[in-house]
Structures are given as structure tokens and as C-alpha cells.
Amino acid sequence: MGVRRCGKSTLMESIMARLVTKGVPRENIVWLNFSDDRFLPLRLGDWDIIHSVYFSIYPEKRRKEKVYFFFDEIQLYPNWELFVERLRREENCEIYITGSSARMLSKEIGTALRGRTLSWELFPFSFGEYLIRCNPPRNKKSSNYRLFMQNAWERYKEEGGFPAVFGIDASLRRQLHREYFNALLLRDVIERYNVRYPQVLRHLANRVINSIGTLFSVRKVHDELKSLGYSLGRDTITQFLQWMEDAYFIFAVPAFSASVARRTREFRKLYCVDHSMAASLSTRILKNRGQMLENMVFCALRQETPGVYYYRTGEGYEVDFIALLPDGEKVLVQVCEDMSIPETRSREIRALTSAMAETKLTVGYIVTESLSEIIETPAGTIRCVPAPDFFNQRLFAVQ
């Protein structure tokens, strides 16, 4: 599962290539891309054609040899999960599927396949993956490696993680990002959910992109839309946000709390799946590189775990992120592009120290543009980490 154009189809191609390398006959691999318009219209009774045609061509393989089915963007058509379950039950096969909607895929898989699946999320390239693509020097202690890292970091900040935008002109990159955005809204939200007010959805999406890293108020947006002549309820706006999050376009980060009711009630902070895409779509983020860095840190944490929150202390101080890692550990992360201003430095350290004391964590992180420093506080150790190192080495997983 993952946002459009992040590489799901390419990953499936690589899996197929590995199967062939391991000796699987090519005719035992079936790949269908359901975004192909020739599948229109596909109804419940039509699903049977797929495997009946295949086994009519290769009848000797039925139940005797394992067949590998690859279904790309299968969630575009209704009742796909019933077909997949029957195929799994009746044939000797493995089935790989991709989709761009987290909630719908999870709901449908959970209903029909009942724990017989494994799921993975794909995101645009992280900085570490971007470095691998750039073929870094082997000697990490050399001056060439340090220069390479700095140049790669500057390029990654501009290009982001979508594979197709690497190395292309900035104006073409922005155009591609807008095309991704339009296709995502149209295919994964408007058409999928039959949205009655697409113009309101677009207004809301633009509003979200210009609110990266800030507390988002549904009530305030509701009032704005009302002043523009749109009479939508707050529940509808909340639903629109949920659909955009299901499509991996945005992520709504709640306040950290043991109370589910409080997490639901508190304001949420919004982030985009890719910082460069946000910059291409936004009228503000290009003017605030601190917001861009915060979005990048969120994406790095979100690739590790869905349990990412912001933290507000009892004294009212705010820490950008607290992440619940898969091994059960918690990590506090503050983001500050420039720590050279005394007032800013004091504010960031004070908030993080307060949160460390409340959560009883003895290590906290401040991700900066370039500062590397160890700060000892009454609550524990604060590590100021340059962003390239933070993203490349996953330092937040080391306590």
C-alpha cells in the first residue's frame, strides 16, 4: 500500500524478476494492471474470466504448479477481495496486490481474507534510500564522502523522494507533483467515494498543504467554507480529511495521550507524504524551511511506525514528535533548523527537557540543519543531530 507513483509497480516487477532468477517459469507469472482502461467496466461476474482464461491456455499447471498472480491497483474495482479469496482457496498460487488506499484495502482484506495476508507500506524514497541510488563513495571517512553527503542532502531537500522527479528540471518537477496531486484527488478520493463537492475537496486540500506542521482546526475551515457559500457540516470536512489520509497524501498527527477520547478531541497537526511535493503545491512552505524540515522528520518517523504523535507537556510546552517504535520504545524528537538564536535554543531545550521528565525518557533528540552537540539536562541527555545524519543512520532507534 502507498501513495501513487511511489514505486509499488516497480517493486512488483522486481519481485517477478527475482522469481524468474530463482527458476520460476515466466508462464507461471501473471501480471495485470487494473488502471488499464481496457478493464472497464469490470463487474462481479467478470472476475472469473481472469483465471479461467489463464488456465485454459495452461491447463497442465492447474493445481500442479504454483502460479504467481500480480494485481496492480486492484482496489479500483468492487468485490475484488471476493475474487482474490476464491483464487487463493481454489488454486495453488501466491497473490500480490497493490493499492493506493490504506483504509479500503485494510477493510476489504480484513473482511474477506481474514488474516491470510501480509501487508507492507511503501513511501517515497527516504534520504538513506536516495543516497543508495546516488552510489555514494565507499570510504565514509573521506573528504569526498562528506562533500558527496552535503551535495546529496541539498538535492534531496529540493527533489524529495518520488523516483520520477530525480534529476529533472525544477519547473518540470513542480508540474509532475501537481499531476500526481490531481490524479490522487480524482482517482483515489473523488471517483472512489463519489464526492459530491469536488471543488470543496480541492479547496480543503490546498488549505491543508498550506498548514504543514501547524495545528489544524476543522471548525475554522468550516467557517471559511461557509463564508465562501459552501454549507458543509464539520463531519463532512473530517471525512474529506480521512479520505486524503487513506490515499497517503496527508497524515493527521494527534496529541499524545493515553485517552483515545482526548486524542480524538485535540487539534491535529498535518503533514504531507513528501516535503518536495508540499513545496510544489504550497504557496507558503517555500518561505519556511523549518516547516519543510519538520515534514521530513515526520516522514522518517512515519516510515518506522504509524504511532507518531506530538507531545504537549503539563506546563504547556510542545515537542514536535513522540514516536512509539515497533519494539515498544518511545522517542522524543524536536525539530529546529537553527539553534544559534539564544531564545530559540532555550525554548527548544526547555520543552524537550520537560517532556523527557514527564515521559521518564533519558534521551531526547533535536534535529537541526547542521548542528551536532550533546546537551546534558536534569532530565537526561539531549542529542542535537544534523538532519542528514538523523535520516541516514536512524539515530532515533538507538537509545
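Residues numbered from 1 in each chain as written. Predicted model: local features only at pLDDT ≥ 70, side-chain atom pairs only at ≥ 80, totals over all residues. Heavy atoms only, no water.

1. Considerations on the pairing of strand S10 (residues 363-368)
Then comes step 1: A large share of S10 lies buried, amounting to six of its six residues.
Then comes step 2: Both faces of S10 are covered, namely the face carrying Val363, Tyr365 and Val367 and the face carrying Gly364, Ile366 and Thr368.
Then comes step 3: With four bridges connecting them, strand S9 (residues 330-335) and S10 associate as parallel partners. Each residue of the ladder has a partner; that of Gln334, found in S10, is Ile366.
Then comes step 4: Assessed by its sense of winding, the connection that carries the chain from S9 through helix H14 (residues 342-359) to S10 is right-handed. (Buried < 20%, exposed > 50% of the residue type's maximum accessible area, 1.4 Å probe, protein only. Helix = DSSP H or I, 4+ residues; strand = E, 2+ residues; numbered from the N terminus. Pairing = 2+ DSSP bridges. Right-handed = clockwise from strand over helix to strand, strands pointing away.)

2. Remarks on the sheet that holds strand S4 (residues 215-216)
Then comes step 1: Taken together, three strands build an open sheet; the order of strands is S4-S6-S5 and the sheet is antiparallel. Two strands lie at the open edges of the sheet, namely S4 and strand S5 (250-253), each paired on one side alone.
Then comes step 2: The pairing of S5 with strand S6 (residues 268-272) spans four bridges and is antiparallel. Within S6, the residue paired with Ala252 across the bridge is Leu270.
Then comes step 3: Of the strands in this sheet, S4 and S5 touch helix H10 (residues 234-246), which is tilted by about 120° from S5.
Then comes step 4: Against the sheet, helix H13 (residues 289-304) makes contact with S5 and S6, and its axis sits at roughly 90° relative to S6, the strand it touches most. (Contact = heavy atoms within 4.5 Å. Axes fitted to C-alpha atoms, helices over the stretch in contact; angles between N-to-C directions.)

3. Description of the nonpolar core
Then comes step 1: Residues Met244, Phe249 and Phe391 are the most contacted members of the largest nonpolar core, which totals 82 residues.
Then comes step 2: If one sorts the elements of this core by residue count, H13 sits on top with eight residues.
Then comes step 3: Residue contacts for Met244: discarding those within four places in its chain leaves Leu185, Val189, Leu201, Leu204, Ala205, Val208, Phe249 and Ile250.
Then comes step 4: Among the nonpolar cores identified, the runner-up in size contains 20 residues, and Val67, Phe69, Val84 and Ile109 belong to it. (Core = buried A, V, L, I, M, F, W, Y, C linked by side-chain atoms within 4.5 Å.)

4. Some words on the pairing of strand S12 (residues 380-386)
Then comes step 1: With six of its seven residues buried, S12 lies for the most part within the structure.
Then comes step 2: Both S10 and S12 contribute to a ladder of six bridges, which runs parallel. For Val367, the partnering residue across the bridge sits in S12 and is Val385.
Then comes step 3: The hairpin turn running from strand S11 (residues 373-377) into S12, its antiparallel successor, is two residues long.

5. Points about the pattern of salt bridges
Then comes step 1: Taken as a whole and judged by the stated rule, the model has 25 salt bridges.
Then comes step 2: Glu318 serves as the salt-bridge partner of Arg312, at 2.8 Å between the closest nitrogen and oxygen.
Then comes step 3: Judged by its relative accessible area of 33%, Arg312 falls in the partly exposed class.
Then comes step 4: For Glu318, a relative accessible area of 27% translates into the label partly exposed.
Then comes step 5: Ionic contacts of the salt-bridge type, sharing partners, join the residues Lys269, Glu294, Arg312, Glu318 and Asp320 into one network. (Salt bridge = Lys/Arg side-chain N within 4 Å of Asp/Glu carboxyl O.)

6. Some points on the packing of aromatic side chains
Then comes step 1: Per the counting criterion, the structure on display carries 32 aromatic pairs.
Then comes step 2: With a centroid separation of 6.1 Å and 75° between ring planes, the pair formed by Tyr54 and Phe69 is classed as edge-to-face. Residue Tyr54 is located in helix H2 (residues 47-57), and its partner Phe69 is located in strand S2 (residues 67-72); the two are separated by 15 residues in the primary sequence. Comparing Tyr54 with Phe69 shows no difference in burial state: the two are buried.
Then comes step 3: Three or more aromatic residues joined by ring pairs make a cluster, and in this case those are Phe34, Phe39, Trp47, Tyr54, Phe55, Tyr58, Phe69, Phe71, Tyr77 and Phe83.
Then comes step 4: Sitting over the ring of Tyr58, Lys61 keeps its end group 5.9 Å from the ring centre. (Phe/Tyr/Trp six-rings, centres within 6.5 Å; stacked < 30°, edge-to-face > 60°. Lys NZ or Arg CZ within 6 Å of the ring centre and 35° of its normal.)

7. As for the confidence of the model for the chain
Close reading of the predicted structure is inappropriate where its pLDDT is low.
Then comes step 1: Summary statistics for the chain give a mean pLDDT of 90 and a share of 93% for residues scoring 70 or more.
Then comes step 2: Counting contacts from residues 395-399, a segment whose pLDDT is below 50, to residues more than four positions away or on other chains yields 18 contacts. (pLDDT = per-residue confidence, 0-100.)

8. Quick notes on the packing of H2 against helix H3 (residues 80-90)
Then comes step 1: In the contact formed by H2 and H3, the axes pass within 9 Å of each other and the chain directions differ by 30°. The orientation of H2 relative to H3 falls into the category roughly parallel. Like other packed secondary-structure pairs, H2 and H3 cross with a definite hand, here right-handed. Along the contact surface, H2 presents Trp47, Asp48, Ile50 and His51, while H3 presents Trp80, Phe83, Arg86 and Leu87.
Then comes step 2: The residue makeup of the contact of H2 with H3, split by class, is five nonpolar, one polar and two charged. (Parallel < 35°, antiparallel > 145°, perpendicular 65-115°, else oblique. Left-handed = near helix turned anticlockwise from the far one by under 90°. Nonpolar A, V, L, I, M, F, W, Y, C, P; charged D, E, K, R; others polar.)

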